[in-house]
Amino acid sequence: MRKLTYFIACSIDGFIGDPSGDAAMFHRFADEEFLSYLTAEYPETLATHGRRALGVDHLENRRFDTVVQGRVSYDLALKEGIASPYAHLRQYVASRTLVQSPDPDVEIISTDLLARVRALKSEGGEAGIYLCGGSRLAGELADEIDEIVVKTYPVVLHTGMPMFGSDFRITEFALDGLRAFSNGVLVRTYRRK
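Below or above, wherever it landed, is the structure these notes cover. (Residues numbered from 1 in each chain as written. Predicted model: local features only at pLDDT ≥ 70, side-chain atom pairs only at ≥ 80, totals over all residues. Heavy atoms only, no water.)

1. Some remarks on the overall build of the protein
Summing up its helical and strand segments, the protein has 5 helices and 10 strands in all. In terms of C-alpha radius of gyration, the protein reaches 16 Å, essentially the compact-globule figure of 16 Å for 193 residues. Considered along the principal axes of its C-alpha atoms, the protein spans approximately 40 × 40 × 35 Å. Here the protein, with 193 residues, has 47% of them falling under the buried criterion. When contacts within the protein are restricted to residue pairs at least 6 apart in sequence, those whose partners lie at least 24 apart make up 68%. Carbon and sulfur atoms make up 51% of the accessible area of the protein, which totals about 10000 Å². Computed over 22 positive and 27 negative side-chain charges, the separation of the two mean positions in the protein equals 3 Å. (Helix = DSSP H or I, 4+ residues; strand = E, 2+ residues; numbered from the N terminus. Rg over C-alpha atoms; globule rule 2.2 N^0.38 Å. Buried < 20%, exposed > 50% of the residue type's maximum accessible area, 1.4 Å probe, protein only. Contact = heavy atoms within 4.5 Å. Areas by Shrake-Rupley, 256 points an atom, 1.4 Å probe, with all protein chains shown as cover. Lys, Arg positive; Asp, Glu negative; His and termini not counted. Charge placed at Lys NZ, Arg CZ, Asp CG, Glu CD.)

2. Focus: a nonpolar patch on the surface
Among the surface-exposed residues, Leu175, Leu178 and Leu186 lie close enough to one another that they form a single nonpolar patch of about 280 Å² accessible area. Accessibility expressed as a relative area gives 57% for Leu178, which makes it exposed. (Patch = residues over 30% accessible without salt bridge, like charges linked within 9 Å, V, L, I, M, F, W, Y side chains within 5 Å. Salt bridge = Lys/Arg side-chain N within 4 Å of Asp/Glu carboxyl O.)

3. With respect to the side chain of Thr39
Tracing the sequence through the fold places Thr39 in helix H1 (residues 32-41). Reaching out from Thr39, the side chain makes a polar contact with the backbone oxygen of Ser36 at a distance of 3.1 Å. Once residues lying within four places of it in the same chain are set aside, the contact partners of Thr39 are Leu46, Val56 and Leu59. (Polar contact = N/O pair within 3.5 Å; in protein donor to acceptor, adjacent residues only side chain to side chain.)

4. Some words on the packing of aromatic side chains
A full pass over the atoms with the stated rule returns 12 aromatic pairs. Each ring, one from Phe29 and one from Tyr153, has its centre 5.6 Å from the other, and the planes form 35°; the classification is tilted. Here Tyr153 lies in strand E7 (residues 147-153) and Phe29 lies in the loop between strand E2 (15-17) and H1, a separation of 124 residues in the sequence. According to the relative accessible area criterion, Phe29 is buried, its value standing at 6%. In this structure Tyr153 comes out as buried when scored by relative accessible area, which is 6%. Cluster of aromatic residues (ring-pair linked, three or more members): Phe7, Phe26, Phe29, Phe34, Tyr37, Tyr42, Phe64, Tyr86, Tyr130, Tyr153 and Phe181. (Phe/Tyr/Trp six-rings, centres within 6.5 Å; stacked < 30°, edge-to-face > 60°.)

5. Regarding unusual backbone geometry
Each neighbour pair has its own omega, and for Gly133 with Gly134 the value is 15°, a cis peptide bond. On the secondary structure map, Gly134 appears in the loop between strand E6 (128-131) and helix H5 (135-140). The backbone phi angle of Asp112 is positive, close to 50°, even though this residue is not glycine. As for its position among the elements, Asp112 is in the loop between strand E5 (106-109) and helix H4 (113-122). Overall, the relative accessible area of 56% leaves Asp112 in the exposed class. In the Ramachandran plot, His158 falls in the positive-phi region, its phi being about 75° despite a non-glycine side chain.

Below, the structure is given as structure tokens:
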């Protein structure tokens, strides 16, 4: 069974973006040390246009071969004229409103998201599935998430888009790893108990 990993950036107080989902305030923490870590450990989580700009588009995927993202996350790329933001991965966008994909390499999941993600998880292979946000999507798929990698940035937003847009419930995870960076960023890895 392949793992579904919620790989997400958030503030100290658990918000992945401002109320509209914009996470641009986190970009200033992408210094040399942190980018070196991301390109070494999670190169496939960098969008294709970012990989090209950094000169690391040649790097092979290390952990994931598939990405599932929500409509709000996908819209951020579309607003920049990028219809295939993760061309180095199989791309799925969960959306009830986007009827047709603007790119042949991006598949829209408009119905039965849970069944589709379960089918992706049941495929053979070692590589996992990168859950790329957003909040509502993570809330809908919370019971399917096997691992959470949280990049916590040293800012407090006070309000915004939470990591999980769902009703109250408790799900336990165990800490698997912790990495601290000189710019104040923490990367914590948790696995489902």
